[in-house]
Amino acid sequence: MISTRLTSLITKSVKSRAFTSSAASSAKVAVLGAAGGIGQPLSMLCKLSENIDELSCYDIVGTPGVAADLSHIPSKSSVTGSLPAPGTWPPRSNDGLAEALKGADVVVIPAGVPRKPGMTRDDLFKTNASIVRTLVEGCAEHCPGAVLAIISNPVNSTVPIAAEVLKSKGVYDKTKLCGVTTLDVCRANTFIANSQGKDPNDVDVTVIGGHAGITILPLFSQVPGLNLSDDEREALTVRTQFGGDEVVQAKAGAGSATLSMAYAGYLFTENVLKAMKGDENIVQCAYVESDLTDAEYFASPCKFGKNGVEEVLPFGELSEYEQGWLDKMLPDLKKQIQKGVDFVN
C-alpha cells in the first residue's frame, strides 16, 4: 500500500523527499525503455530523487539525448544513456545493455509498445513478451541480485515470463521480482476520494489480483468510514479496473497512461529503495509469486526489506461483492499467467 505521507510529500516537492538513512550505501537504478512515453517522465522523477546516486537509461533509440537532457537537472544523481551495441560480425553481446545494468540495485522495465484504442493488454503480448524476455536475460547476466520492477504490459504475463527466464539462468529469487501494480492503487485512491469529497492523501485502498481489467480488485470494503451504495461501489470498481481504457480513449490513439504510470512506477521504486536503506515499515501492493490463492502470481500487500519482498501479506476479509469478483477473476488470471510461462518454455 502506498504511504499517504509519501504521496503527500511528493506532490509538494519530489526533490525535497529524502530518506533519513541517506548516508547508506549508494543506489543505482536502471530504467529499461527510458526513451518511451513512460520511460522519460519516470527517468526524470528518478533523476530528482535524493535516494538515487546513479541513474542509467537504456532504450533502443534516443537514450543519449534523454540522458543529456536529464543531466542538466541540478540533483545529486549521475545519469548515463545507453543504446544497444551496433551490429558486428562475429556477433557479440549487447554492450549498451550490459553497461546500463552492471551494478544496478533496482531495474525498472517500462519498455514495450503502448496500447491503442481497441487494444487490450493481451493484444500487446506478442511484441512485449519478446522485449521483456530479452531484457530480463540481460538482467540475469549482468545484475542477478537486483530487484526487478516490471511495468511492461501485460504484467499478468510478463512477470511469469521474467520468472521463467531467471529460472532458466539459475538466478530466480521470488523476493526480487515484482509486477508494478501501484497505478491501480493510485486510481482507486483518487476515484474514491473524488467520489466522497476526501483528500486522496487520506485514502489508502488495497488493490489485489492482477493488473488487467477484471483481475484488478480494489477492496473498498476495507476503507474505514466509507459508505457506498451498490451502484457507487460497482461504478468505482469498474472504473478502477478499466482506468487504463479511459486514458487510451481520451488520448484518441496518441498513447496510453504514461504520466500517471511513470508517477506510480517512481513511487514503487522509491519505496523499494527506502526499504533497502533500512526502513522497516514499507508495505505496498505488488504482483509477486504468492500462495494466497491458487494463482501462482497475485497482487497483494507486501512488506519490503533490504533484499526485496520480505513477506507477502494476507489481504484480509472480503465482502460478498468482492469475493464474487475474486472468484470471477482467478480463472482469467491463471490463464494469463500460464500464457507467460508457455511463452518461455
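Structure: above.
As the structure is a computational prediction, the values presented were derived from the model and not from experiment. (Residues numbered from 1 in each chain as written. Predicted model: local features only at pLDDT ≥ 70, side-chain atom pairs only at ≥ 80, totals over all residues. Heavy atoms only, no water.)

K.L.:
I'd like a rundown of the pattern of salt bridges, residues and numbers included.
P.N.:
Considering all chains together, one arrives at nine salt bridges under this definition. In this structure, the salt-bridge partner of K167 is E164, at a minimum N-O distance of 3.3 Å. Highlighted residues: K167 and E164, both in helix α6 (residues 155-168), separated by three residues, approximately one helical turn. The buried category is assigned to E164, whose relative accessible area is 11%. With a shortest N-O distance of 2.9 Å, R233 and D230 are connected by a salt bridge. In this pair, R233 and D230 are both assigned in helix α8 (residues 230-241), three residues apart and thus about one turn of the helix distant. (Salt bridge = Lys/Arg side-chain N within 4 Å of Asp/Glu carboxyl O. Helix = DSSP H or I, 4+ residues; strand = E, 2+ residues; numbered from the N terminus. Buried < 20%, exposed > 50% of the residue type's maximum accessible area, 1.4 Å probe, protein only.)

K.L.:
If you had to explain the packing of helix α7 (residues 182-196) against helix α10 (residues 259-276) to someone new, which residues and values would you point to?
P.N.:
Across the interface, α7 lies against α10 with an axial gap of 8 Å and an inter-helix angle of 110 degrees. When the axes of α7 and α10 are compared, the pair comes out roughly perpendicular. The two elements α7 and α10 meet at a crossing, and its hand is right-handed. On α10, the residues touching T182, L183 and C186 of α7 are S260, M261, Y263, A264, L267 and F268. (Axes fitted to C-alpha atoms, helices over the stretch in contact; angles between N-to-C directions. Parallel < 35°, antiparallel > 145°, perpendicular 65-115°, else oblique. Left-handed = near helix turned anticlockwise from the far one by under 90°. Contact = heavy atoms within 4.5 Å.)

K.L.:
Describe the packing of aromatic side chains, listing the residues and the values that go with them.
P.N.:
Using the criterion set out here, one finds five aromatic pairs in the structure. Here the aromatic rings of Y287 and Y297 are separated by 6.2 Å at their centres, their planes lie at 40 degrees, and the arrangement is tilted. Placement of Y287 in strand β9 (residues 282-289) and of Y297 in strand β10 (residues 297-305) is noted, with a sequence separation of ten residues between them. Taken as a pair, Y287 and Y297 share a single burial class, namely buried. Here the aromatic rings of Y321 and W325 are separated by 6.5 Å at their centres, their planes lie at 80 degrees, and the arrangement is edge-to-face. (Phe/Tyr/Trp six-rings, centres within 6.5 Å; stacked < 30°, edge-to-face > 60°.)

K.L.:
Talk me through empty space enclosed by the protein; I want residue IDs and the actual numbers.
P.N.:
Scanning all chains against the criterion turns up one cavity of 30 Å³ or more. Space inside the largest cavity adds up to approximately 60 Å³. For the largest cavity, the full set of lining residues is C139, C143, P144, A146, L148, L166, V171, D173 and K176. Here the lining of the largest cavity is built from residues that sort into seven nonpolar, no polar and two charged. (1 Å grid on protein atoms, 1.4 Å probe; cavity = no way out; pocket = protein on both sides within 12 Å on 5 of 7 lines; lining within 4 Å. Points joined across faces, edges and corners; volume = space filled by probe spheres on them. Nonpolar A, V, L, I, M, F, W, Y, C, P; charged D, E, K, R; others polar.)

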